[in-house]
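Examining the three-dimensional arrangement
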Amino acid sequence: MPFFSATAKNNHDLAHGLAQFTGLTQIKTLFYSFTGVLIQDDTVTTDVTASQHQLTVLSLTTTALFPVGIDHRLWGVILCDTTNVSAQQLRFARTYLIDTLRQVFVEHANDTIQVWAALDSTQLNQISHFYQLLVHANVATTTKTSLVPLNTPLINDDAYRSMNQALHFIHDHIHQSLSLDEVAKVAYLSPSYLSRLFKRYLQTNFVSYVNTPKITLAQKQLATTLIPIHQIATQLGFSQTSYFTKVFKQTLGITPSQFRQQNRISQINQLVSQNTWAAKSSHMAINHPTDHWVYTVSGRFTSTPTD
């Protein structure tokens, strides 16, 4: 149940304030509350279905999302088109938006209106990926007889059994290339019907459901081994390294090479058996014949030549 519902006047005033903000900054902006109200282009849409439809047809390439809270509880989001917008402009935007909201909701004390720092596209992808990991973690901890979440009502017992067959097959063959047609045959369903079951009952599509655990396994391989990226892709059932890289970047916002560069845990496996550790006040050092490897408090290795 929503804890806060704006009045019609609140919504009208906010629509006018955001329109003024867009006119001043040339930053296309909209507001969406979790009560289903969409405010865009000085227009208020209160029908939930219409609001959600408008969100699905947005044409924003680069965005920043400002979470909005009232009384320290998340209420909605302000979405800004950040094409050609600098970090300084974003900071100004946040200040302006806070002032606008406080003017609109004068009945609330100033310290109850919050506009948090903007989340960029990469951070939003990471949150989405984290959610997908939770979904798969919940699936992985259910019993062998049921991979479908227990609180998910299926159309009938046959659909329930078929979905479990499909999910078991995916998890048992996660290192292989998996197609919707192949899994549908195992579950004795048509591909289109299986696709609808995924979207309706697992809130994701077939490809995303399959790729999420693959990318999770890839992260482990990239961080803890020196296996070439193309070989990791092959081991996880990707026929093309370029497609693996595309999926990885869509999921995490960075390429496999960048992820490996940022997570050089594999250095530990190679060096710990032949080097000694020396603890220091803010870092640990590993002695090496030609290089001095330093593991800083940031959790990354750096290498500096010894004299």
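Refer to the structure printed above.
An account of the accompanying structure is given in this report.

Here is what the cut-offs are and how they apply
- Residues numbered from 1 in each chain as written.
- Predicted model: local features only at pLDDT ≥ 70, side-chain atom pairs only at ≥ 80, totals over all residues.
- Heavy atoms only, no water.
- Buried < 20%, exposed > 50% of the residue type's maximum accessible area, 1.4 Å probe, protein only.
- Helix = DSSP H or I, 4+ residues; strand = E, 2+ residues; numbered from the N terminus.
- Pairing = 2+ DSSP bridges.
- Contact = heavy atoms within 4.5 Å.
- Arc of directions from axis to C-beta.
- Core = buried A, V, L, I, M, F, W, Y, C linked by side-chain atoms within 4.5 Å.
- Phe/Tyr/Trp six-rings, centres within 6.5 Å; stacked < 30°, edge-to-face > 60°.
- Lys NZ or Arg CZ within 6 Å of the ring centre and 35° of its normal.

Focus: the pairing of strand S1 (residues 29-33)
Of all the five residues making up S1, five are buried; the element is thus mostly covered by neighbouring parts of the structure. Bridge count between S1 and strand S5 (residues 73-81): five bridges; the pairing is antiparallel. When the bridges of S5 are listed, Thr-29 appears paired with Cys-80. Pairing of S1 with strand S2 (residues 38-40) involves three bridges; the strand directions are antiparallel. Note that in S2 the partner of Phe-31 across the bridge is Ile-39. Hairpin geometry of S1 and S2 is characterised by an intervening segment of four residues between the two adjacent antiparallel strands and by a positive phi of about 100 degrees at Gly-36.

Some details on the side chain of Asn-211
With respect to the element layout, Asn-211 can be found in helix H8 (residues 206-224). Every residue in contact with Asn-211, bar those within four places of it in the chain, is listed here: Phe-238, Tyr-243 and Val-247.

Brief notes about the environment of Gln-176
With respect to the element layout, Gln-176 can be found in the loop between helix H5 (157-172) and helix H6 (180-186). Here the alpha-carbon distance between Gln-176 and Phe-238, two residues 62 residues apart in the chain, equals 7.8 Å. If sequence neighbours within four positions are ignored, Gln-176 has contacts with Lys-214, Leu-236 and Gly-237.

Description of the pairing of S5
Most of S5 sits out of view: seven of its nine residues are buried. As paired strands, strand S4 (residues 63-70) and S5 are joined by eight bridges and run antiparallel to one another. What sits directly across from Thr-63, in S5, is Asp-81. Two successive antiparallel strands, S4 and S5, enclose a turn made up of two residues, where Asp-71 displays a positive phi of approximately 55 degrees.

A look at helix H7 (residues 191-201)
Within the sequence span of H7, burial applies to Leu-194, Ser-195, Leu-197, Phe-198 and Tyr-201. All buried residues of H7 lie within an arc of 160 degrees about the axis, which places them on one face of the element. Exposed residues on H7 whose side chains face more than 90 degrees from its buried face are Arg-196, Lys-199 and Arg-200. Note on H7: the residue one or two positions beyond its end, Gln-203, has a positive phi of about 55 degrees.

Quick look at the nonpolar core
One finds Phe-31, Trp-75, Ile-78, Leu-101 and Phe-105 to be the most contacted residues of the largest nonpolar core, which totals 25 residues. When residues of this core are traced back to their parent elements, those giving at least two are helix H1 (8-25), S4, S5, helix H3 (87-104) and strand S6 (113-115). When residues in this core are grouped by element, the largest group, five residues, is from H3. Setting aside anything within four residues of it in sequence, one finds Ile-78 in contact with Thr-29, Leu-30, Phe-31, Ala-64, Leu-65, Phe-66, Val-68, Leu-97 and Leu-101. Of all hydrophobic cores here, the second largest spans 19 residues; its members include Ile-170, Ala-184, Leu-189 and Leu-194.

Observations concerning the packing of aromatic side chains
Applying the stated rule across the entire model yields eleven aromatic pairs. Centre to centre, the rings of Phe-198 and Tyr-209 are 5.4 Å apart; their planes meet at 65 degrees, and the pair counts as edge-to-face. A residue pair is termed long-range when its members are at least 10 positions apart, and Phe-198 in helix H7 and Tyr-209 in helix H8 qualify at eleven residues. Across the pair, Tyr-209 and Phe-198 agree in class, each one buried. Taking the centre distance of 5.9 Å and the plane angle of 50 degrees together, the rings of Phe-238 and Tyr-243 count as tilted. With relative accessibility at 6%, the residue Phe-238 sits in the buried group. Seen from the ring of Phe-238, Lys-214 lies directly overhead, with NZ or CZ sitting 5.7 Å from the centre.

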